[in-house]
Amino acid sequence: MFEPREILDVTVHRTTLDAVIERLDLFVRSGRPHQVVTVNMDFLRIARSDAGFRETLNGADLSVADGVPVIWASRLLGAPLLERVTGVDIVERGAALAAAHGYSIFLLGAEPGVAAEAAAKLTHRFPGLRIAGAYAPPFGPFSDDEQARMLTMVRTARPDILFVAFGAPRQDIWIRQHLQSLGVPVCVGVGGAFNFIAGRLSRAPQWMQRSGMEWTYRLGQEPRRLWRRYLVGDLPIFLRIIGARALPRRRSLPTAPTALPPLMTRPDNTSAAGD
């Protein structure tokens, strides 16, 4: 469990959701800051051209496969991962863990009001859950004042688990830059997870999630925002992996001889090639 696997120069750990939650518990108990990243095909695409983002992913304490296509890619590359672990799953199971053990969580990011709505839904689902804070910064680049405000809020709240929803690569790089100064035992970049938990967006049916077709459901929900990412950005990356897998097979095929060897004959004059 937690063996590292490499997919297009990005490390992803071979693990399960249950094992991840157990590891988060250990992180909290340690009291030391840890970063968790949720790698999907878009992460792999961005990491190919953004060395800083690639270093952030590879420097994380725990990296999980957030997407069935990442699982498929790992199998094609001969380094199979066990199962998909999404940002939504980590927030929900992390909240359950926190409620059971008296930990507190902080929700940072998403559109105005979404983090607070998600926090309310989580406290309703998991009685006893302590919300250390919920805050959505303004869109656009963070000013120095906004950076200071967020850092002060999190440090003052002293959560055990911090979920950050700025989108990739921003959320993960932000966590890496401030991980030590924040001092939060578990910091996780969770993308659009708050929107699903708050009910702003609905998740695909389970069969679509299991079959790897959830992206088509998401594309139907937000076509103007996601079509370029999925069809222009992510799909070529997956096709590249398929091509890389097929190339060694083509190279290993025997080439046709330039000249036929002489036939070997037997005493009965039947060709050995006919056996």
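Structure first, text after, so check above.
Let us look at the structure shown here.

Calculation rules
Residues numbered from 1 in each chain as written. Predicted model: local features only at pLDDT ≥ 70, side-chain atom pairs only at ≥ 80, totals over all residues. Heavy atoms only, no water. Helix = DSSP H or I, 4+ residues; strand = E, 2+ residues; numbered from the N terminus. Buried < 20%, exposed > 50% of the residue type's maximum accessible area, 1.4 Å probe, protein only. Contact = heavy atoms within 4.5 Å. Pairing = 2+ DSSP bridges. Phe/Tyr/Trp six-rings, centres within 6.5 Å; stacked < 30°, edge-to-face > 60°. Axes fitted to C-alpha atoms, helices over the stretch in contact; angles between N-to-C directions.

A separate point is the environment of A65. Here A65 shows up in strand β4 (residues 62-65). A65 gets classed as buried once you look at its relative accessible area, which sits at 3%. Considered as a pair, A65 and R14 are 51 residues apart in the sequence and their alpha carbons are 8.4 Å apart. Beyond its immediate stretch of four places on either side in the chain, A65 contacts V12, V39, V70, I71, L81, E83, R84 and V85.

Here the focus is the pairing of strand β6 (residues 130-135). Sheet analysis places strand β5 (residues 104-109) next to β6, joined by five bridges and oriented parallel. Considered in β6, the bridge of S104 is made with R130.

Here the focus is the packing of aromatic side chains. Counted under the stated rule, the structure contains three aromatic pairs. Residues F142 and F166 carry aromatic rings whose centres are separated by 5.1 Å and whose planes lie at 65° to one another, so their mutual orientation is edge-to-face. Of the two residues, F142 sits in the loop between β6 and α7 (144-157) while F166 sits in the loop between β7 (161-165) and α8 (170-182), which places them 24 residues apart along the sequence. The exposure classification of F142 matches that of F166, with both residues buried. Ring centres of F166 and W174 lie 5.5 Å apart, and the angle between their planes is 80°; this geometry places the pair in the edge-to-face category. In terms of burial, F166 and W174 fall into one category: buried. Through successive ring pairs, a cluster of aromatic residues spans F142, F166 and W174.

The subject of this paragraph is the sheet that holds strand β8 (residues 186-189). Within the open sheet, the six strands sit side by side as β4-β3-β8-β7-β5-β6. Their pairing is parallel. Both outer strands of the open sheet, β4 and β6, are each paired with one neighbouring strand and no more. On average, each strand axis in the sheet is inclined to that of its neighbour by 15°, with strand direction left out of account. Across three bridges, the pairing between strand β3 (residues 34-39) and β8 is parallel. Bridging across to β8, H34 finds its partner in V186.

Keep in mind that these numbers describe shape and distance, not what the molecule does.
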